[in-house]
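Report on the structure
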Amino acid sequence: MCTGGCAKCLGATLIPLAVLCTLANILLFFPGGKVVEKNENITDEVWYFGGILGSGVLMVFPALVFLGLKNNDCCGCCGNESCGKRFAMFSSIIFAAVGVLGAGYCFVLSAVAINRGPKCDTGNKWTYPFQDGDYLSNHTLWDMCLSPENIVPWNLTLFSLLLVMSGIQAVLCGIQVVNGLFGTICGDCQCCGCCGGDGTV
């Protein structure tokens, strides 16, 4: 497969993942699906916008760059070697690195949030009642959170989704780093007979 075509596939996959991560982060502002009275009662990690910034906004830029690489695919502009295909593939490595950083940011935040557990009302005050992820294996501890209702499964599900999706994003961007290196060193692809070409660019 041409490296530009591979990049387009990666970009097309990153876009829906970025949208889903953004939606997951937004839902976390509504603990248990409800509006809280005070913003300080929302889990701290939600305010770091891991899904909105890291796996959302920062992921859109590399995704768009990857999608655009297909336009220069297969022999460039009808065999014109000055189209800058190698530079385009090299620049995609830089954007892929940005994507890895954004996804990594979301991944780390999600892991920390899962280990720490949600902020909830224990009856006396709003606090973090769990320690070192102990609630993950002991569901009876979930009863310590009196409100918002279902806050533990809500946060656990959404942060787990962010963890998985940001991990996938990081892998896809890592693949583009390798793909971009091949495109930069070897040319975008074997010319597929289009524009009358028959070799690498």
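For the structure itself, look to the data block above.
The structure contained in this document is the topic of the report that follows. (Residues numbered from 1 in each chain as written. Predicted model: local features only at pLDDT ≥ 70, side-chain atom pairs only at ≥ 80, totals over all residues. Heavy atoms only, no water.)

Overview of empty space enclosed by the protein
Empty space among the atoms can be located by rolling a probe the size of a water molecule over them. This structure, assessed with the given rule, holds two cavities of 30 Å³ or more. By volume, the largest cavity is sized at about 40 Å³. As for the largest cavity, its lining consists of N25, L28, E45, V46, G50, G51, C106, L109, S110, F159 and L162. When contributions to the lining of the largest cavity are tallied by element, the ones reaching two or more residues are helix 2 (50-69), helix 3 (85-116) and helix 4 (151-186). For the lining of the largest cavity, the element with the highest residue contribution is helix 3, accounting for three residues. Roughly 40 Å³ of internal volume is contained in the second largest cavity. (1 Å grid on protein atoms, 1.4 Å probe; cavity = no way out; pocket = protein on both sides within 12 Å on 5 of 7 lines; lining within 4 Å. Points joined across faces, edges and corners; volume = space filled by probe spheres on them. Helix = DSSP H or I, 4+ residues; strand = E, 2+ residues; numbered from the N terminus.)

Focus: the packing of helix 1 (residues 3-27) against helix 4
To characterise two packed helices, one gives the angle between the axes of the helices and the distance between these axes. At their nearest, the axes of helix 1 and helix 4 sit 9 Å apart, and the two run at 160° to each other. By the angle class used here, helix 1 and helix 4 are roughly antiparallel. Here helix 1 and helix 4 pass one another in a crossing that is left-handed. For the contact of helix 1 with helix 4, a count of residues per class yields 19 nonpolar, six polar and no charged. (Axes fitted to C-alpha atoms, helices over the stretch in contact; angles between N-to-C directions. Parallel < 35°, antiparallel > 145°, perpendicular 65-115°, else oblique. Left-handed = near helix turned anticlockwise from the far one by under 90°. Nonpolar A, V, L, I, M, F, W, Y, C, P; charged D, E, K, R; others polar.)

Comments concerning unusual backbone geometry
The peptide bond linking S147 to P148 adopts the cis configuration, its omega dihedral lying at -5°. With respect to the helices and strands, P148 occurs in the loop between strand 2 (126-127) and helix 4. The phi torsion at F49 lies on the positive side, around 55°, for a residue other than glycine. Along the chain, F49 turns up in the loop between helix 1 and helix 2. Residue class for F49 comes out partly exposed when judged on its relative accessible area of 28%. The phi torsion at N150 lies on the positive side, around 60°, for a residue other than glycine. (Buried < 20%, exposed > 50% of the residue type's maximum accessible area, 1.4 Å probe, protein only.)

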